[in-house]
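# A closer look at the structure
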Amino acid sequence: MSERMRELLQAPRVAPSILSANFAQLGSQVAAVMDAGARVIHVDVMDGQFVPPITIGPLVAGAIADQVHDAGGALDVHLMIEDPERQIEEFARAGADSITFHEEATPHANRTLSAIRELGCLAGAAINPGTPVEAVQELRGLADIVLCMTVNPGWGGQAFIDGSADKVARLAPLVGDAHIEVDGGIDASTAGEVAAAGASLFVAGSAVFGAADPAAAYREIAAAAAM
């Protein structure tokens, strides 16, 4: 699992988030963006505690895992939940290739990153907009992905927070070989500035699946990120 994701992340990637997809047409919408070139599909998991909404779980991730993998892609799971260490095994079993949790959601970030790797997935740590970049320094070498939230987590369709590109630039020297992922308000107008600051994995939800033509929207964001 991790090797598939590791190979894909050798190039910058836009990762459409199924949070904003039409779940009555989930398979066809995933197929449309993958036909347009997407290879990383993002799965946003919310528990009603770490963030107010409740979204999806391992069953939905598992429902699209074979489709994504058969098309040469990978599942990027983002856990916006309390005590993420309790759920990582289920998502790995469902077919996740990478699992990212919030540094703010557990006192055991170091141990949780190691446990995710032991399950065969790339391990990621996320930080909220109000969390200083220095929070990830002690995770250097353990995190394969560092996700910098560019909105406050919990809802799709929010506006990109001004100054997020500067935060990515301050984060870049601290993460070692980890890939910097950005999530929130990413579209054709914002992807370029966070790419220039050091991001290489761009989560786009409503900007893709909220568009009249998700495939065309995906291609526009990918071009803006200079891929």
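Our structure's up above, just so we're on the same page.
A brief report on the enclosed structure follows. (Residues numbered from 1 in each chain as written. Predicted model: local features only at pLDDT ≥ 70, side-chain atom pairs only at ≥ 80, totals over all residues. Heavy atoms only, no water.)

Let's shift gears to the nonpolar core. Counting residues in hydrophobic clusters, the biggest one holds 65 residues, and the most contacted among them are Ile-18, Ile-41, Leu-79, Ile-99, Leu-171 and Val-194. Contacts of Val-194, omitting those with residues within four sequence positions, involve Phe-160, Ala-165, Val-168, Val-182, Ile-186, Ala-199 and Phe-202. One finds Leu-8, Val-40, Leu-122 and Ile-145 within the second-largest nonpolar core, a separate group that totals nine residues. (Core = buried A, V, L, I, M, F, W, Y, C linked by side-chain atoms within 4.5 Å. Buried < 20%, exposed > 50% of the residue type's maximum accessible area, 1.4 Å probe, protein only. Contact = heavy atoms within 4.5 Å.)

Counting buried residues along strand E3 (residues 74-80), seven of its seven residues qualify, which places the element largely inside the surrounding structure. Residue alternation in E3 divides its side chains into two sets, Ala-74, Asp-76, His-78 and Met-80 and Leu-75, Val-77 and Leu-79, and both sets are buried. As paired strands, strand E2 (residues 40-46) and E3 are joined by seven bridges and run parallel to one another. Its bridge partner lying in E3, Val-40 is registered against Ala-74. For the crossover from E2 across helix H3 (residues 58-70) to E3, the handedness is right-handed. With four bridges joining them, E3 and strand E4 (residues 98-102) adopt parallel strand pairing. (Helix = DSSP H or I, 4+ residues; strand = E, 2+ residues; numbered from the N terminus. Pairing = 2+ DSSP bridges. Right-handed = clockwise from strand over helix to strand, strands pointing away.)

Spatial strand order, E1-E8-E7-E6-E5-E4-E3-E2: eight strands in an open sheet with parallel pairing. At either margin of the open sheet sits one strand with a lone partner, and together these are strand E1 (13-16) and E2. Each neighbouring strand pair of the sheet contributes to a mean axis angle of 25 degrees, computed without reference to strand direction. The sheet strands contacting helix H6 (residues 164-171) are strand E5 (122-127), strand E6 (145-149) and strand E7 (179-183), and the helix crosses E6 at an angle near 155 degrees. (Axes fitted to C-alpha atoms, helices over the stretch in contact; angles between N-to-C directions.)

Turning our eyes to something else, we now look at the environment of Glu-3. Locating Glu-3 in the fold gives a position in helix H1 (residues 2-8). Residues Glu-3 and His-102, spaced 99 residues apart in sequence, show a C-alpha to C-alpha distance of 23 Å.

The full count for this structure, using the stated rule, is seven salt bridges. One network of salt bridges, in which partners are shared, links Glu-3, Arg-6, Arg-117 and Asp-144. (Salt bridge = Lys/Arg side-chain N within 4 Å of Asp/Glu carboxyl O.)

With that out of the way, let us pick up the environment of Val-175. As for its placement among the helices and strands, Val-175 is situated in the loop between H6 and E7. Residue Val-175 is classed as buried on the basis of its relative accessible area, which comes to 5%. The spacing of Val-175 and Ile-145 is 30 residues in sequence and 8.5 Å in space, taken between C-alpha atoms. Every residue in contact with Val-175, bar those within four places of it in the chain, is listed here: Val-136, Arg-140, Val-146 and Ile-180.

The next subject is H6. Listed in full, the buried residues belonging to H6 are Ser-164, Ala-165, Lys-167, Val-168 and Leu-171. Each buried residue of H6 lies within a common arc of 160 degrees when the element is viewed along its axis, so the set occupies one face. On its buried face, H6 is in contact with E5, E6, E7 and helix H7 (191-197). (Arc of directions from axis to C-beta.)

Without other data, these values stay purely geometric and don't point to any function.
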